[in-house]
Amino acid sequence: EADIYQTPRYLVIGTGKKITLECSQTMGHDKMYWYQQDPGMELHLIHYSYGVNSTEKGDLSSESTVSRIRTEHFPLTLESARPSHTSQYLCASSELGGENTEAFFGQGTRLTVV
Amino acid sequence: GNSVTQMEGPVTLSEEAFLTINCTYTATGYPSLFWYVQYPGEGLQLLLKATKADDKGSNKGFEATYRKETTSFHLEKGSVQVSDSAVYFCALTARNYQLIWGAGTKLIIKP
């Protein structure tokens, strides 16, 4: 069973607010990811990390930022939310090496910016 | 570059029908191939995988065979249930072990 948690599950927030989406995993995985999922269901990688103090931008440009101060924690921050940020955000983790590596996903945060 | 192409959805079937969701890929080297499933309101979870040519992954009645000659990994199930309604994602791991995702196929099973 996957042990990766995202909070909140749902968030409605006003334009211009600062928000942080939380993601934690208890599996000791080095690699963590943030995906943005559009209404058509397609997944877009926006950030990933290989371990503590490692953060990389993904394929889709995003105004969000991430940090990785602890192995288990990979929060995503939007300094000033806009309606264009409305989306589903999925966090995932995996072991570091190997092409057979399975990714484990949290349940997602559905963000609505009004 | 590496890419995954899935059949467009939604795919709508009646209960007990035979299911095929097509997936083809482009990759350098010998990627591993995966099917993930996303049930409504949930994150993704691994359904099955295959790590080399001619391998067959299977789980929960679903199967997919790694076909290198046709660069395909089609998902099949002999008799679908309403509870199989979900979005299905085909994926591969590239040389740097990054997951490359298909666009997802929504499956709707009607009673």
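Preceding block: the structure.
Enquirer: Honestly, the nonpolar core in this entry has me stumped. Any pointers?
Expert: As a rule of thumb, nonpolar side chains are buried together in soluble globular proteins. Formed by 25 residues in total, the largest nonpolar core has its most connected members in L19, W35, L47, L48, F73, L75 and Y88 of chain B. Sorting the residues of this core by element identifies β2 (11-14), β3 (19-21), β4 (23-26), β5 (33-38), β6 (44-50), β8 (62-65), β10 (86-93) and β12 (105-110) of chain B as the ones contributing at least two each. At four residues, the largest contribution of residues to this core is made by β10 of chain B. One finds Y33 and Y48 of chain A together with L44 and L99 of chain B within the second-largest nonpolar core, a separate group that totals 18 residues.

Enquirer: It is not clear to me how the sheet that holds β8 of chain B should be interpreted in this structure. Could you clarify?
Expert: Strand pairs in the sheet, formed through backbone hydrogen bonds, run parallel or antiparallel to each other. All names here are of chain B. Pairing within the open sheet is antiparallel, and its four strands lie in the order β3-β9-β8-β7. Strand pairing shows two members of the sheet lacking a second neighbour, β3 and β7 (56-59), which therefore form its edges. Shown here is a sheet whose adjacent strand axes are inclined to one another by a mean of 20 degrees, direction ignored. In this sheet, β8 lies alongside β7 in antiparallel orientation, the contact comprising four bridges. Its bridge partner lying in β8, N59 is registered against F62.

Enquirer: It is not clear to me how the pattern of salt bridges should be interpreted in this structure. Could you clarify?
Expert: A side chain with one charge may pair with a side chain of the opposite charge, provided their charged atoms come close. The full count for this structure, using the stated rule, is six salt bridges over all chains. Salt-bridge contacts for E63 of chain A lead to R82 of chain A; the nearest nitrogen and oxygen are separated by 2.6 Å. Of this pair, E63 of chain A sits in the loop between β6 (56-57) and β7 (65-66) while R82 of chain A is found in the loop between β8 (76-78) and β9 (87-94), placing the two residues 19 residues apart along the sequence. Here K52 of chain B and D55 of chain B are joined by a salt bridge, their closest N and O atoms 3.4 Å apart. Overall, K52 of chain B belongs to the exposed group, its relative accessible area being 51%.

Enquirer: Any chance you could explain the layout of surface pockets here in plain terms?
Expert: For the largest pocket, the calculated volume is near 360 Å³. Lining the largest pocket are 24 residues, and of these Q37, M41, Q88 and R110 of chain A together with G41 of chain B lie nearest its centre. Elements supplying a minimum of two residues to the lining of the largest pocket: β9 and β11 (109-113) of chain A together with β10 and β12 of chain B. Looking at the lining of the largest pocket, the element that brings in the most residues is β12 of chain B, giving three residues. Of the residues assigned to the lining of the largest pocket, the class counts are ten nonpolar, nine polar and five charged.

Enquirer: Even after reading the chapter, I still don't get the interface of chain A and chain B, so can you show me in this structure?
Expert: Where the parts come together, the accessible area they lose is often given as the size of the interface. Contact with chain A, which involves 24 residues of that partner, is made by 21 residues of chain B. Here chain A and chain B share an interface that buries about 1,800 Å² over both sides, 48% of which is from carbon and sulfur atoms. Taken together, the links from chain A to chain B amount to zero salt bridges. At the boundary of chain A and chain B, one finds five residue pairs in polar contact (both at pLDDT 80 or more). Elements supplying a minimum of two residues to the side of chain A that touches chain B: β4 (31-37), β5 (43-49) and β9 of chain A. In terms of residue count, the dominant contributor to the side of chain A that touches chain B is β4 of chain A (four residues). Tallied by class, residues from the side of chain A that touches chain B come to ten nonpolar, nine polar and five charged.

Definitions and cut-offs
- Residues numbered from 1 in each chain as written.
- Chains lettered and ligands numbered in written order.
- Predicted model: local features only at pLDDT ≥ 70, side-chain atom pairs only at ≥ 80, totals over all residues.
- Heavy atoms only, no water.
- Core = buried A, V, L, I, M, F, W, Y, C linked by side-chain atoms within 4.5 Å.
- Buried < 20%, exposed > 50% of the residue type's maximum accessible area, 1.4 Å probe, protein only.
- Helix = DSSP H or I, 4+ residues; strand = E, 2+ residues; numbered from the N terminus.
- Pairing = 2+ DSSP bridges.
- Axes fitted to C-alpha atoms, helices over the stretch in contact; angles between N-to-C directions.
- Salt bridge = Lys/Arg side-chain N within 4 Å of Asp/Glu carboxyl O.
- 1 Å grid on protein atoms, 1.4 Å probe; cavity = no way out; pocket = protein on both sides within 12 Å on 5 of 7 lines; lining within 4 Å.
- Points joined across faces, edges and corners; volume = space filled by probe spheres on them.
- Nonpolar A, V, L, I, M, F, W, Y, C, P; charged D, E, K, R; others polar.
- Contact = heavy atoms within 4.5 Å.
- Buried area = accessible area lost by both parts, 1.4 Å probe.
- Polar contact = N/O pair within 3.5 Å; in protein donor to acceptor, adjacent residues only side chain to side chain.

Purely geometric stuff here, so don't read any function into it on its own.
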